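What follows is the residue order along each chain.
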Amino acid sequence: MTFLDAIFANLESRANRIVVREIRDGQFVSATGHEMLSLVARARQFISGLGLKKGDRCALLAPNSIRWIALDLALVSEGIIVVPLYTRQSAAELSPMIQDADPRVLIASDAALAGEIRKILPVDIPFVPMDQVFAHSGDALLPSSTLADSDPVTIVYTSGTSGQAKGVVLNVGNVTHILKCTNQRLDLLMTGHTGPENVFHYTPLCFAASWIATLTFLSRNCIVTLSMDLAKLSDELKLASPHYFLNVPTLLERVRAKITESIQQRGGIFASIFSGAQRAFYRKKGESAQGTDSLYLWIARKIMFPRIRQNIGPNLKALICGSAPLAPETQMFFMMIGITVLQVYGLTETTAICTMDDPRDFEPGSVGKAIPGIEMKISENGEIVVRGPNIFPGYWRRPEETAKALEGGWFHTGDQGEVDEKGRWRVTGRLKNLVVLNSGHKFAPEPLEQAIALKLPAAQQVVVTGNQRSYPAVLIAASSANGLQADKIQSVLSEMNAALPHYKHIRAFHVIHEPFSTDNGLLTANGKIKRDAVCTRFAADIERLYQRPSA
């Protein structure tokens, strides 16, 4: 049974129960299993009328919605390769991907954006408005295409932090294997739970991890609530009241900072108890507890932490986090207030997942053990390499890059890492981000960047530089200067330097009063820093950091 068969069987078994819903103006707009199958059928009838055949590509450019999910399932059912695109990217960024994928049709919800794209493209690609796809009526599904494990189902374009995005081809076998693994982990998390699982979902469906998560939810007894407005995330989260949901580290860092700031502003005994409980919890985890620690924790767990959990989500069993490294301190913060945070590690090329935390046995800072059926190891140069049924068959129309990525039968992740005696993995940095000083010393910048960001909550992005220089320096981006005064930054750096080897001492900094974003070209579509672009944009500022010993 393929993943598609499993999803359709689940929708059929839940014909009269809600499976997906959107939040619009504070109200739910819902679809039952039967209604989802009907939407898929209508989309398939439309697709059939376009004359698309198995193996053709269809570009899908629309925000999250019930109809996005239905159209994706319909296209896969017909053997059409879906090319999902991010609506927040510009026409100039999207056009090269579309040209590379060479789709037969572009289905989009935004006619203006589609028009801009078509003006740039050297060839004319037919445009179909999203609403038009569902104009047909009918409840009967067309006969399913016979899908083999080797059949491609999607081309997901990587974010391209240092170059042009590449199309990652994923096939039926990749997805079917991963969904078995994700379902096994969620079964462990929800042990003893009866009834539907409430899931909140805000990450864009065009990203591999978000798409895999959605397919997993559709194959379970879930009610999936789609967020339709990120500006209303907090209110929508309360309305959805989920048992678990997928997150990116940025959101969890912001939630942590907001909670901490709110308590500090309240002040008084409330702030004293919270600070005492936080110190006690960290000391306890480090096995250096003091006499009053138990009292602080008891009071906080009785009075404060339940209120905080209630405000975040009263039914939460876990927050699931992926896409980038999560600071161990943030994971421990949520553990302290009684919310489990489980990490997932993977790349688009690994069908979004290589490792997942086991809810019965996880360690802050670790990203869990390798999922069943795959192998992971550290290569001679310290790189994490992976092989198994989750590994993509190749990049779209890039045989040389495919051969390089899969050299020796292993997928080369580009990540540095380590594994403990229990098989739990840690990701320590990216090989291409490695800072090599002119002294010959080498280090990964990510741990330093995370540490600085934690100590400077007002910082939105942190980038450590130093390649072929005599010492590291740091760029700190924020929307305002509040909380980023020079003396505060210098104090934080001095404190950090005292615990670092001499070659990692950060001796200069520069504050950028504009956060990095996709709009200014300094973040990828899924929020990763484009280091090359940052270093190019601020080359003059970086140069000045090395013309004086400190800033």
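Look up a bit, the structure's there.
Quick caveat, the model's predicted, so the values are computed rather than measured. (Residues numbered from 1 in each chain as written. Predicted model: local features only at pLDDT ≥ 70, side-chain atom pairs only at ≥ 80, totals over all residues. Heavy atoms only, no water.)

A closer look at unusual backbone geometry
The cut-off we apply is this: Numbering goes from the N terminus for both helices and strands, where a helix is a DSSP run of H or I of at least four residues and a strand is a run of E of at least two.
Even without glycine at this site, Ser241 takes up a positive phi of about 45°. Along the chain, Ser241 turns up in the loop between helix 9 (233–240) and strand 11 (244–247). A positive phi angle is found at Thr351, which is not glycine, with a value near 55°.

Structural notes on the side chain of Gln89
Put simply, the rule is: Residue contacts are counted whenever heavy atoms from the two residues lie within 4.5 Å of one another.
Within the secondary structure layout, Gln89 lies in the loop between strand 4 (81–85) and helix 4 (91–101). Setting aside residues no more than four positions away along its own chain, Gln89 makes contact with Leu94, Met97, Leu113 and Ala525.

Some remarks on the nonpolar core
The condition is simple: Nonpolar cores are built from buried Ala, Val, Leu, Ile, Met, Phe, Trp, Tyr and Cys residues. Side-chain atoms within 4.5 Å join them into one set. The cut-offs for exposure are 20% and 50% of the maximum accessible area for each residue type, with area from a 1.4 Å probe on protein chains only; residues under the lower value are buried, those over the upper are exposed, and the others partly exposed.
Core analysis: the biggest nonpolar cluster contains 119 residues, and Phe3, Met36 and Leu71 have the highest contact counts within it. It is helix 3 (residues 66–77) that contributes the most residues to this core, nine residues altogether. Among all residues touching Leu71, those that are not within four sequence positions of it are Ala43, Ile47, Leu60, Ile107, Met130, Val133 and Phe134. Core analysis: the second largest hydrophobic core is formed by 22 residues, Leu61, Ala91, Ala108 and Tyr157 among them.

Here we look at the environment of Ala70
Along the polypeptide, Ala70 turns up in helix 3. Taking C-alpha positions, Ala70 is 9.7 Å from Phe134, a pair spaced 64 residues apart along the chain. With sequence-adjacent residues up to four places away left out, Ala70 is seen in contact with Met36, Leu39, Val40 and Phe134.

Some thoughts on the packing of helix 4 against helix 5 (residues 111–120)
Note the following rule: To obtain an axis, a line is fitted to C-alpha atoms, over the contacting stretch when the element is a helix, and the angle between two such axes runs from 0 to 180 degrees between their N-to-C directions. Each angle gets one of four labels, with under 35 degrees taken as roughly parallel, over 145 as roughly antiparallel, 65 to 115 as roughly perpendicular, and the rest as oblique. Take the far helix as your reference; a near helix turned counterclockwise from it by less than a right angle gives a left-handed crossing, and one turned clockwise gives a right-handed crossing.
Contact pair helix 4 / helix 5: the axes reach a minimum separation of 9 Å and the direction vectors enclose 60°. Considering the angle they form, helix 4 stands oblique to helix 5. The handedness of the crossing between helix 4 and helix 5 is right-handed. On helix 5, the residues touching Ala91, Ala92, Leu94, Ser95 and Ile98 of helix 4 are Leu113, Glu116, Ile117 and Ile120.

Quick notes on helix 10 (residues 249–266)
Under the convention used in this document: Expected helix span is given by 1.5 Å per residue-to-residue step, counting one fewer step than there are residues. What the arc describes is the spread of directions from the helix axis to the C-beta atoms.
The end-to-end C-alpha separation of helix 10 is 26 Å, in line with the 26 Å expected for 18 residues at 1.5 Å each. By the burial criterion, the buried members of helix 10 are Pro249, Leu252, Arg256, Ile259 and Ile263. Each buried residue of helix 10 lies within a common arc of 100° when the element is viewed along its axis, so the set occupies one face. In helix 10, the exposed positions that point more than 90 degrees away from the buried face belong to Arg254, Lys258 and Gln265.

As for the sheet that holds strand 17 (residues 383–387)
For the record, the criterion: Whether two strands pair comes down to DSSP finding at least two bridges between them.
Across the sheet, which stays open at both edges, the four strands sit in the order 16-17-19-20 with antiparallel pairing between neighbours. This sheet does not close on itself; its edge strands, each paired only once, are strand 16 (375–378) and strand 20 (425–430). Neighbouring strand axes in the sheet, compared pairwise and without regard to direction, differ in orientation by 50° on average. The pairing of strand 19 (residues 411–419) with strand 20 spans five bridges and is classified as antiparallel. What sits directly across from Gln416, in strand 20, is Gly429.

Examining the pattern of salt bridges
For the record, the criterion: Only one rule defines a salt bridge in this text: a Lys or Arg side-chain nitrogen within 4 Å of an Asp or Glu carboxyl oxygen.
Inspection of every chain in the model, using the stated rule, returns 24 salt bridges. A salt bridge links Lys54 to Asp151; the nearest nitrogen and oxygen atoms lie 3.0 Å apart. Residue Lys54 is found in the loop between helix 2 (33–50) and strand 3 (57–61), and its partner Asp151 is found in the loop between helix 6 (130–133) and strand 7 (152–157); the two are separated by 97 residues along the sequence. Residue classification places Lys54 among the partly exposed residues on the basis of a relative accessible area of 47%.

What to know about the side chain of Glu78
To keep it simple, the criterion reads: By the criterion applied in these results, polar contacts are pairs of N or O atoms within 3.5 Å in which, for protein atoms, one can donate a hydrogen and the other can accept it, and in which residues neighboring in sequence qualify only through two side-chain atoms.
With respect to the secondary-structure elements, Glu78 resides in the loop between helix 3 and strand 4. Overall, the relative accessible area of 17% leaves Glu78 in the buried class. Engagement of the side chain of Glu78 in a polar contact is seen with the side chain of Arg44, the distance being 2.8 Å.

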